[in-house]
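Chain residues, written in single-letter form:
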Amino acid sequence: MNKFVRILKHQWLDRSDTLRAIPDDLADRLARRVAASEVRHTGEVRICVEAALPWPDLWTVSAEHPLSEVVRERALDWFGRLRVWDTEHNNGVLIYLLLAEHAIEFVADRALARCVEPAQWQAIVNRLSKSLHDGAFEDGLTQALEEVSALLVAHFPAGHGTFETNELPNGVIRC
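All values reported here derive from a predicted model rather than from experimental measurement. (Residues numbered from 1 in each chain as written. Predicted model: local features only at pLDDT ≥ 70, side-chain atom pairs only at ≥ 80, totals over all residues. Heavy atoms only, no water.)

With that out of the way, let us pick up unusual backbone geometry. Its identity as a non-glycine residue notwithstanding, Asn-90 has a phi of 50°, on the positive side. You can see Asn-90 is positioned in the loop between α5 (67–81) and β2 (93–98). For Asn-90, a relative accessible area of 21% puts it in the partly exposed group. (Helix = DSSP H or I, 4+ residues; strand = E, 2+ residues; numbered from the N terminus. Buried < 20%, exposed > 50% of the residue type's maximum accessible area, 1.4 Å probe, protein only.)

Below, the structure written as structure tokens:
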């Protein structure tokens, strides 16, 4: 896709597109699922759905700096902004969707990244991508959340009889 067409595509999409993809009731259900998940492990999970890249990020796309790298950098930016990296056990996960490019990124903090092979993350991304392509946002995000939760439970289960602090909000970021 040429740069001009990509810029138009990103200019066309805005927060209203994100709200259509993830309406309030779905965002509420996902937040409750995140909260239920986090009772079972010590990790923190955030979901961020963004309609389009901002202008400065779009201008950096080139042969030397491909779109996939720009999207990954944007996901890392959200990972930092949402403080997913700043949890006690360094085992937070960001599920990032960029609607304009149909892009999905999972960003795992250090402790979890050491435990999970890239192929496992890619398999979850592939299943989520298929669901999103089929228009099944809720089913896809719910399944992805369940799979991420299973990884966190396997590697960082909640301690028996201890109360784990919810370090980050559970709500879905929609922008």
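What follows concerns the packing of helix α7 (residues 118–133) against helix α8 (residues 137–155). Helix-helix packing: each pair is described by the crossing angle between the helix axes and the interaxial distance. Between α7 and α8, whose axes approach to 7 Å, the crossing angle comes to 165°. In terms of orientation, α7 and α8 fall into the roughly antiparallel class. The two elements α7 and α8 meet at a crossing, and its hand is right-handed. Here Gln-120, Trp-121, Ile-124, Arg-127, Leu-128, Ser-131 and Leu-132 of α7 come into contact with α8, specifically with Phe-137, Gly-140, Leu-141, Gln-143, Ala-144, Glu-147, Val-148 and Leu-151. (Axes fitted to C-alpha atoms, helices over the stretch in contact; angles between N-to-C directions. Parallel < 35°, antiparallel > 145°, perpendicular 65-115°, else oblique. Left-handed = near helix turned anticlockwise from the far one by under 90°. Contact = heavy atoms within 4.5 Å.)

Right, let's talk about the environment of Gly-171 for a bit. Of note, Gly-171 is situated in the loop between α8 and β4 (173–174). What makes Gly-171 partly exposed here is its relative accessible area of 29%. As a C-alpha pair, Gly-171 and Val-45 span 126 residues in sequence and 9.7 Å in three-dimensional space. Each residue touching Gly-171, except ones within four places of it in the same chain, is listed here: Ala-31, Arg-46 and Ile-47.

Of all six residues that make up β2, six are buried, and the element is covered over most of its length. For strand β1 (residues 45–50) and β2, the ladder comprises six bridges, and the chain directions are parallel. Considered in β2, the bridge of Arg-46 is made with Leu-94. (Pairing = 2+ DSSP bridges.)

What follows deals with the sheet that holds β1. Taken in spatial order, the four strands make up an open sheet running β3-β2-β1-β4, and their pairing is mixed. Two strands lie at the open edges of the sheet, namely β3 (103–108) and β4, each paired on one side alone. Pairing analysis gives six bridges linking β2 to β3, with the strands arranged antiparallel. Bridged to Tyr-96 within β3 is Glu-105. Where α8 meets the sheet, it contacts β1, β2 and β3, and its direction lies at approximately 155° from that of β2.

Regular strands have side chains that alternate between both faces of the sheet. Among the six residues in β1, six count as buried, and that is most of the element. Here β1 shows two buried faces, one formed by Val-45, Ile-47 and Val-49 and the other by Arg-46, Cys-48 and Glu-50.

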